[in-house]
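# Report on the structure
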Amino acid sequence: MKIAIIGAGNLGLSIAKGILNSNGATSMYLTKRNVRSISEYEKYGNVTVTPDNREAVAKCDILIFAVQPGHFASILESVKDLFTDNHVIISTITGFELNRIEDVIGTDRYIIRSMPNTAISVGESMTCICSNEKGKKRIELAKAIFNRMGHSMEIPESQMQAATVICASGIAFWMRLIRATTQGAIQLGFDAREAQELAMHTCNGAAKLLIESGNHPEEEIDRVTTPMGCTIQGLNEMEHQGLSSSLIQGIVASYDKITEFKKR
Ligand SMILES: NC(=O)C1=CN([C@@H]2O[C@H](COP(=O)(O)OP(=O)(O)OC[C@H]3O[C@@H](n4cnc5c(N)ncnc54)[C@H](O)[C@@H]3O)[C@@H](O)[C@H]2O)C=CC1
Ligand SMILES: O=C(O)[C@@H]1CCC=N1
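These numbers were taken from a predicted model, which means no experiment stands behind them.

## A word on the environment of Ile145
Along the chain, Ile145 falls in helix 5 (residues 139-147). As a C-alpha pair, Ile145 and Lys80 span 65 residues in sequence and 23 Å in three-dimensional space. Aside from chain neighbours lying at most four places away, what touches Ile145 is Gly24 and Ile62.

## A closer look at the domain arrangement of the chain
Many analyses report the size of an interface as the accessible area lost when the parts associate. Along its sequence, the chain is carved into domain 1 (2-155) and domain 2 (164-263). Every contact between the two is made by eight residues of domain 1 and, on the other side, eight residues of domain 2.

## Some details on the site of ligand 1
In the region of ligand 1, 25 residues are neighbours, and Gly7, Gly9, Leu11, Thr94 and Ala168 sit closest. Among the elements of the structure, helix 1 (10-21) and helix 3 (69-79) are those that each provide at least two residues to the shell around ligand 1. When its residues are assigned to classes, the shell around ligand 1 shows 11 nonpolar, 12 polar and two charged.

## Quick word on the nonpolar core
The nonpolar side chains of soluble globular proteins are, as a tendency, buried together. Among the nonpolar cores identified, the biggest contains 50 residues, and Ala4, Ile5, Leu63 and Ile64 are the most heavily contacted of them. Ranked by residues supplied to this core, first place goes to helix 1 with five residues. Beyond its immediate stretch of four places on either side in the chain, Leu63 contacts Ala4, Ile6, Val57, His87, Val88, Ile89 and Ile90.

## Looking at the UniProt feature "binding site: NADP(+)" (unreviewed entry) in the chain
Under the UniProt annotation, "binding site: NADP(+)" (unreviewed entry) lies at Ile6, Gly7, Ala8, Gly9, Asn10, Leu11, Ala66, Val67, Gln68 and Pro69. The largest pairwise C-alpha distance within this set of annotated residues, which runs over 64 residues, is 14.1 Å, so the set is compact in three dimensions. Locating Ile6 in the fold gives a position in strand 1 (residues 2-6). When neighbours within four sequence positions are excluded, Ile6 is seen to be in contact with Thr31, Asn53, Ala56, Leu63, Ile64, Phe65, Ala66, Val67 and Ile75. One can find Ala66 in the loop between strand 4 (62-65) and helix 3.

## What to know about helix 3
Every buried residue of helix 3 is listed here: Phe72, Leu76 and Val79. The buried residues of helix 3 occupy one face: seen down the axis, they fall within an arc of 75°. Among the exposed residues of helix 3, those oriented more than 90 degrees off its buried face are Gly70, Ser74, Glu77 and Ser78. Turning to helix 3, the residues buried within the fold contact helix 2 (53-59), strand 4 and helix 4 (98-105).

## What to know about the packing of helix 6 (residues 160-187) against helix 7 (residues 192-213)
The geometry of helix 6 relative to helix 7 is characterised by a closest axis approach of 8 Å and an angle of 135° between their N-to-C directions. What the angle tells us is that helix 6 and helix 7 run oblique. The chirality of how helix 6 crosses helix 7 is right-handed. Contacts between helix 6 and helix 7 involve Ile178, Thr181, Thr182, Ala185 and Ile186 from the first element and Ala192, Ala195, Gln196, Leu198, Ala199, Met200 and Cys203 from the second. Within the contact of helix 6 with helix 7, the residues separate by chemical class into nine nonpolar, three polar and no charged.

## With respect to the site of ligand 2
Close contacts around ligand 2 come from Thr94, Thr164, Ala168 and Ser169, and that covers them all. Its residues placed into classes, the shell around ligand 2 shows one nonpolar, three polar and no charged.

## What to know about the UniProt feature "binding site: NADPH" (unreviewed entry) in the chain
UniProt marks Asn53 with the feature "binding site: NADPH" (unreviewed entry), using the numbering shown here. When you line up the elements, Asn53 lands in helix 2. Judged by local crowding, Asn53 falls into the buried class, with 23 C-beta atoms found within 10 Å. Excluding residues that lie within four positions of it along the chain, Asn53 makes contacts with Ile6, Thr31, Ile75, Ser78 and Val79.

## With respect to the sheet that holds strand 5 (residues 88-91)
The strand order across the open sheet built from eight strands is 3-2-1-4-5-6-7-8, with neighbouring strands paired in mixed fashion. Each of the sheet's edge strands pairs with one partner strand only, and the pair in question is strand 3 (47-50) and strand 8 (150-154). Going across the sheet, the axis of each strand differs from the next one's by a mean of 20°, ignoring polarity. Of the strand pairs in this sheet, strand 2 (residues 27-31) and strand 3 are connected by four bridges, and their pairing is parallel. Paired with Leu30 across the bridge in strand 3 is Val49.

About the criteria used
Residues numbered from 1 in each chain as written. Chains lettered and ligands numbered in written order. Predicted model: local features only at pLDDT ≥ 70, side-chain atom pairs only at ≥ 80, totals over all residues. Helix = DSSP H or I, 4+ residues; strand = E, 2+ residues; numbered from the N terminus. Contact = placed C-beta atoms within 7 Å. Domains from an automatic or database assignment. Near = placed C-beta within 6 Å. Nonpolar A, V, L, I, M, F, W, Y, C, P; charged D, E, K, R; others polar. Core = buried A, V, L, I, M, F, W, Y, C linked by C-beta atoms within 7 Å. Buried ≥ 20, exposed ≤ 12 C-beta atoms within 10 Å, placed from the backbone. UniProt positions renumbered as here; feature names shortened; annotations may be inferred. Arc of directions from axis to C-beta. Axes fitted to C-alpha atoms, helices over the stretch in contact; angles between N-to-C directions. Parallel < 35°, antiparallel > 145°, perpendicular 65-115°, else oblique. Left-handed = near helix turned anticlockwise from the far one by under 90°. Pairing = 2+ DSSP bridges.

Okay, structure coming up:
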């Protein structure tokens, strides 16, 4: 599989790392307007770094676009004459619908919309995907690509905006929760490094408990909350202070922000 990442920025490079770590490509092209900051990737024998998107499109069959929304249409316009039936076009662009992509490159292309997150670099992305009509024939291929670097779910395009908030922005939300827990641990006497180690491994354990058991979170909470114990005391205090409510309101605010910039 020859994969091009058009726009090797924060997300594009995370995907590149995930592909390298999972041996997910026979060769890879990384493009960026100024390639100086990513030239180190050429030390991997099968990686080519170039500012030339047309070269990358001509040499690869899987094209992953990870540029800013405002640049996407003009970049597609500049390479679309090179597209063949071998190309699978995978967009990661927030708020850019399939029909807008089709408006630029036509309906007769395999188009996948994906929403990965930066944990793709360590093989742990939650990636949601959907496709245009023709792309349905390549959705299993797209799933296979993303499943090598985490977990994927096919969803209707109407849920893509919500998936962006929960999965992509979600990395930042969870980081804040881990940081806040770390700060609490420091206040209780751990040094900063130990505090973070306790917070992140406990977070990892909580997620794994749910993933492996399929249980509802409250079932696992019931196992921890000793009657009249310290856990329920802390948990109820967090809820009095609005923990669940503030998380939900934040999620909705992120969602509304995407609606706002889609109107621009
Ligand atoms: N950062 C994240 O966690 C996520 C981002 N996204 C989406 O992915 C896209 C990229 O986001 P980021 O990586 O955060 O942005 P970024 O700004 O870090 O990366 C975009 C890259 O595209 C490059 N670029 C600009 N013009 C180009 C051109 N003509 N040819 C080739 N490369 C060009 C820029 O130099 C930059 O390196 C956005 O549309 C964003 O909405 C989606 C999911 C998660
Ligand atoms: O914050 C943003 O707008 C982008 C989309 C999801 C993650 N980063």
